[in-house]
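# Coordinates in review
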Amino acid sequence: MKTLISEFAIKEKVEELAQQLSIDYKQKNPVLIGVLKGSFIFLSDLARAMDFPLQLDFMSVSSYGDDTKSSGIVRIIKDLDDTITDRHVVIVEDILDTGLTLGYLVEMLGARKPASIRICTLLSKNHNRKTVHISADYVGFEIEDKFVVGYGLDYRGYFRNLPNIAELEEEDLALGFLAD
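Below is a short write-up of the structure. Only a predicted model underlies this, so the values are computations on that prediction, with no experimental measurement involved. (Residues numbered from 1 in each chain as written. Predicted model: local features only at pLDDT ≥ 70, side-chain atom pairs only at ≥ 80, totals over all residues. Heavy atoms only, no water.)

## Details of the pairing of strand β5 (residues 88–96)
- Across the nine residues that make up β5, a large majority, eight, are buried.
- Bridge count for strand β2 (residues 31–36) against β5 is four bridges, and the pairing is parallel. Bridge assignment links Ile33 to a residue of β5, and that residue is Ile91. (Buried < 20%, exposed > 50% of the residue type's maximum accessible area, 1.4 Å probe, protein only. Helix = DSSP H or I, 4+ residues; strand = E, 2+ residues; numbered from the N terminus. Pairing = 2+ DSSP bridges.)

## Some thoughts on the nonpolar core
- Counting residues in hydrophobic clusters, the biggest one holds 26 residues, and the most contacted among them are Leu21, Phe42, Leu46, Cys120, Leu123 and Ile165.
- Element by element, the count of residues in this core is highest for helix α1 (residues 7–25), at six residues.
- Once residues lying within four places of it in the same chain are set aside, the contact partners of Cys120 are Leu17, Leu21, Phe42, Leu46, Val90, Ile91, Val92, Glu93 and Tyr138.
- Counting 18 residues, the second-largest nonpolar core is a separate cluster that includes Val31, Val61, Val89 and Leu105. (Core = buried A, V, L, I, M, F, W, Y, C linked by side-chain atoms within 4.5 Å. Contact = heavy atoms within 4.5 Å.)

## What to know about the sheet that holds strand β7 (residues 138–142)
- Taken together, six strands build an open sheet; the order of strands is β4-β3-β2-β5-β6-β7 and the sheet is mixed. At either margin of the open sheet sits one strand with a lone partner, and together these are β4 (75–78) and β7. Sheet twist, expressed as the mean angle between neighbouring strand axes with direction ignored, is 25°.
- In terms of strand pairing, strand β6 (residues 116–124) meets β7 through four bridges, oriented parallel. Bridge pairing in β7 places Ser124 opposite Glu142.
- Contacts from helix α3 (residues 100–110) reach β2, β3 (55–62), β4, β5 and β6 within the one sheet, and its direction differs from that of β5 by about 165°. (Axes fitted to C-alpha atoms, helices over the stretch in contact; angles between N-to-C directions.)

## With respect to the packing of aromatic side chains
- Taken as a whole and assessed by the stated rule, the structure comprises one aromatic pair.
- Between Phe147 and Tyr155 the ring centres are 6.0 Å apart and the planes differ by 85°, which places this aromatic pair in the edge-to-face class.
- The ring of Phe141 carries the charged tip of Lys13 above its face, separated from the ring centre by 5.7 Å.
- In this arrangement the basic side chain of Lys28 is found over the ring face of Tyr25, its NZ or CZ atom lying 5.6 Å from the centre. (Phe/Tyr/Trp six-rings, centres within 6.5 Å; stacked < 30°, edge-to-face > 60°. Lys NZ or Arg CZ within 6 Å of the ring centre and 35° of its normal.)

## A short note on the pattern of salt bridges
- All told, the structure shown has twelve salt bridges when counted by the stated rule.
- Of the charged contacts, one joins Asp81 and Lys78 as a salt bridge, the two residues approaching to 3.3 Å between their closest N and O atoms.
- Three or more residues are tied together by salt bridges with common partners; here these are Asp97, Lys125 and Asp145. (Salt bridge = Lys/Arg side-chain N within 4 Å of Asp/Glu carboxyl O.)

## Details of the sheet that holds strand β8 (residues 148–149)
- Strand order across the open sheet formed by three strands is β1-β9-β8, with antiparallel pairing between neighbours. The open sheet has two free edges, formed respectively by β1 (2–5) and β8, since each of these has just one partner strand.
- Here two bridges tie β8 to strand β9 (residues 165–167), and the two strands are oriented antiparallel to one another. Directly across from Val148, in β9, lies its bridge partner Glu167.

Given below as structure tokens:
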């Protein structure tokens, strides 16, 4: 695996994003919604770096399955526990790739009548969004079209625990426990 973003760079960027979110939301009683499973490390670090009380909730959705490309079909596996009506919502995502998942979530959550919806993503691949026109309000890093793992992102459930963001290369897929 080739490191694309170091642990140190991630830590600095998370603190920068938390500072901006603190400025924008300190008086708005926001709810940060983590999109599981990939965002859990990012959301945890982000929330701890914010300097005011806030609420967290989680959704679990899937559009990748066990593949390295999005299937284009979004499935809700776990919905929110609490209502978001009249609340300021920040969707926290690990990666904005095709935009299909976030586009679906923004539309679905928007129907629940929140005061506002914003998107905070650690990684963004802008060039993959050909059919869905969605962008994040808060972006950690723009990356090329590479399949990445680490800091919550996975391949078949593995590599979430890496402290950095790394490119998963063909030779990595040859590992015995990752083979089909």
